[in-house]
Amino acid sequence: MRRINVIGSLNVDLVSTVKRVPQAGETISATGFSTNCGGKGANQAVATSRLADQTTVSFVGAVGNDEFGRKLRDGINKEGVNVDNVVVREELSSGVAVILVEESGENRIIISAGANAAVTPAAIPGHLFAPNTAPDLIILQLEIPLETVLHVISLASAATPPVPVLFNPAPAVTLPNHIYPLVHTLVVNESEASILSGISLSVNGDELESKAMEAIGWFIKMGGNNIVITLGEHGAVYHDSVLKQSAKIPAKSVNVVDTTSAGDTFVGALAVHIAQNDSFRLSEAVEFAVTAAAWTVQRRGTWDAMPRRSEL
């Protein structure tokens, strides 16, 4: 039985669907509204659990002692995620994300961290880095304090044997350069790649692949290992550190309804393939992740849109 541990955020998503986002000072009417469980950490845990086979998925995080917190903790637990290390913080509210989804499927997200800010280095259990209890893979994002993320990456790298970390630095902030060699697999989208590397990926489709490869070159220069840059409707590019090979995996041609969960589904699928295959090829992992994300964008919602392994 393989083990994957997600350390990250839990948010309740307040989702409004709109024809277009409002301009500054403008009020518009939504065409729909829903309340869903979410947060990048929770989303990636659920995606991982749904796609995993013979693998346990556990979570480290925090929620408030409120209705949202109970909904979040119970929600991921019902999806098969172990919540023994999801702490209830009496003095804090649970995290909330306000999401606007346009008819085109594009989305914009505003996050209030709440109890997620309490996931400090002291909250990380030591068994994650011990030889007999460490997971096969740790998944990290940046909706918990950066200090905690850097702490986990450092401890995982220094463990005996090292614990592989799949790091999705979202929302992106500038990272210390010494972190890149310590990460097993780095996964970023166009915006995150631009922020981290300083190389703009806001270009036309014909130029996008070459700019993405340029960004991959920057991450390699920083000492990065396996690197994946997702490009939405253009697929993904990657660098396999074992084969010393960089290439592109094209996107699937599907009817896009809602892109909200595409990135988190991609991360979950990538994590499953890495954790379940000792001698994995990154090209196969990215292909699996692209396929899973393509299923997700054809449906509305956050967890409701995420596929199960039997659907792929």
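Quick note: structure is the one above.
Residues numbered from 1 in each chain as written. Predicted model: local features only at pLDDT ≥ 70, side-chain atom pairs only at ≥ 80, totals over all residues. Heavy atoms only, no water.

**Thoughts on helix H1 (residues 40-51)**
No. 1: Over its 12 residues, H1 extends 16 Å from the first C-alpha to the last, a length consistent with the 16 Å expected when each residue adds 1.5 Å.
No. 2: Taking burial as the measure, the 12 residues of H1 include 12 buried ones, the bulk of the element.
No. 3: Taken residue by residue, H1 has Lys40, Gly41, Ala42, Asn43, Gln44, Ala45, Val46, Ala47, Thr48, Ser49, Arg50 and Leu51 as its buried positions. (Helix = DSSP H or I, 4+ residues; strand = E, 2+ residues; numbered from the N terminus. Expected span 1.5 Å × (residues − 1). Buried < 20%, exposed > 50% of the residue type's maximum accessible area, 1.4 Å probe, protein only.)

**Some details on the packing of aromatic side chains**
No. 1: For the structure shown, the criterion picks out 3 aromatic pairs.
No. 2: Look at Tyr180 and Phe219: their rings are 5.7 Å apart centre to centre, the planes differ by 55°, and that puts the pair in the tilted class. On the criterion of sequence distance, the pair formed by Tyr180 in the loop between strand E9 (165-167) and strand E10 (185-189) and Phe219 in helix H5 (residues 205-221) is long-range, its members being 39 residues apart. When sorted by exposure, Tyr180 lands in the same class as Phe219, which is buried.
No. 3: Relative to Phe219, the ring of Trp218 has its centre 5.3 Å away and its plane inclined at 80°; by these criteria the two rings are edge-to-face.
No. 4: Put simply, the rings of Tyr180, Trp218 and Phe219 touch in pairs and so form one group of aromatic residues. (Phe/Tyr/Trp six-rings, centres within 6.5 Å; stacked < 30°, edge-to-face > 60°.)

**Quick word on the packing of helix H4 (residues 190-197) against H5**
No. 1: The contact between H4 and H5 brings their axes to 10 Å, and the two run at 45°. When the axis of H4 is compared with that of H5, the two are oblique. Here H4 and H5 pass one another in a crossing that is left-handed. Together, Glu190, Ala193, Leu196 and Ser197 of H4 and Leu208, Ala215, Trp218 and Phe219 of H5 make up the contact between the two elements.
No. 2: A breakdown of the residues in the contact of H4 with H5 according to their chemical character gives 6 nonpolar, 1 polar and 1 charged. (Axes fitted to C-alpha atoms, helices over the stretch in contact; angles between N-to-C directions. Parallel < 35°, antiparallel > 145°, perpendicular 65-115°, else oblique. Left-handed = near helix turned anticlockwise from the far one by under 90°. Contact = heavy atoms within 4.5 Å. Nonpolar A, V, L, I, M, F, W, Y, C, P; charged D, E, K, R; others polar.)

**Some points on unusual backbone geometry**
No. 1: Cis geometry is adopted by the peptide bond preceding Pro161, which originates at Thr160 and carries an omega value of -5°.
No. 2: The peptide bond linking Ala170 to Pro171 adopts the cis configuration, its omega dihedral lying at -5°.
No. 3: Looking at the secondary structure, you find Pro171 in the loop between E9 and E10.
No. 4: Although it is not a glycine, Gln54 adopts a positive phi angle of roughly 55°.

**Remarks on the side chain of Gln276**
No. 1: Tracing the backbone shows Gln276 in the loop between helix H6 (262-275) and helix H7 (282-296).
No. 2: Of the polar contacts made by the side chain of Gln276, one reaches the side chain of Thr55; its length is 2.7 Å.
No. 3: What Gln276 contacts, discounting residues up to four positions off in sequence, is Arg2, Ala52, Asp53, Gln54, Thr55 and Arg309. (Polar contact = N/O pair within 3.5 Å; in protein donor to acceptor, adjacent residues only side chain to side chain.)

**Here we look at the sheet that holds strand E2 (residues 11-18)**
No. 1: Pairing in this open sheet of 4 strands is mixed, and the strands run E3-E2-E6-E7 from one edge to the other. Edge positions in the sheet fall to strand E3 (32-38) and strand E7 (107-112), since each has one partner strand and no second. If you compare each strand with its neighbour and ignore which way they point, the axes differ by 20° on average.
No. 2: Strand direction decides the pairing type here: E2 and E3, joined by 7 bridges, are antiparallel. (Pairing = 2+ DSSP bridges.)

**Focus on the pairing of strand E13 (residues 245-249)**
No. 1: Strand direction decides the pairing type here: strand E12 (residues 236-240) and E13, joined by 5 bridges, are antiparallel. Bridging from a neighbouring strand, His239 pairs with Ser246 of E13.
No. 2: The turn linking E12 back onto E13 is made up of 4 residues, and Lys244 within it adopts a positive phi angle of 55°.

**A look at the nonpolar core**
Among soluble globular proteins, nonpolar side chains are generally buried collectively.
No. 1: Judged by nonpolar contacts, the single largest core of 46 residues is most densely connected at Ile76, Val228, Phe266, Leu270 and Val286.
No. 2: The contacts of Val286, once residues within four sequence positions are left out, are Val228, Ala236, Tyr238, Ile249, Phe266 and Leu270.
No. 3: Of all hydrophobic cores here, the second largest spans 43 residues; its members include Val149, Ala159, Leu208 and Met222. (Core = buried A, V, L, I, M, F, W, Y, C linked by side-chain atoms within 4.5 Å.)

**Quick look at the packing of H1 against H6**
No. 1: At a minimum axis separation of 8 Å, H1 and H6 run at an interaxial angle of 50°. Of the possible angle classes, the one that applies to H1 and H6 is oblique. In this structure, H1 crosses over H6, and the sense of that crossing is right-handed. Where H1 abuts H6, its residues Lys40, Asn43, Gln44, Ala47, Thr48 and Leu51 lie against Asp264, Thr265, Val267, Gly268, Ala269, Ala271 and Val272.
No. 2: Of the residues assigned to the contact of H1 with H6, the class counts are 6 nonpolar, 5 polar and 2 charged.

**What to know about the environment of Gly75**
No. 1: With respect to the helices and strands, the residue Gly75 is situated in helix H2 (residues 67-78).
No. 2: Put simply, Gly75 and Gly198 are 123 residues apart on the chain and 38 Å apart in space, counted from C-alpha to C-alpha.

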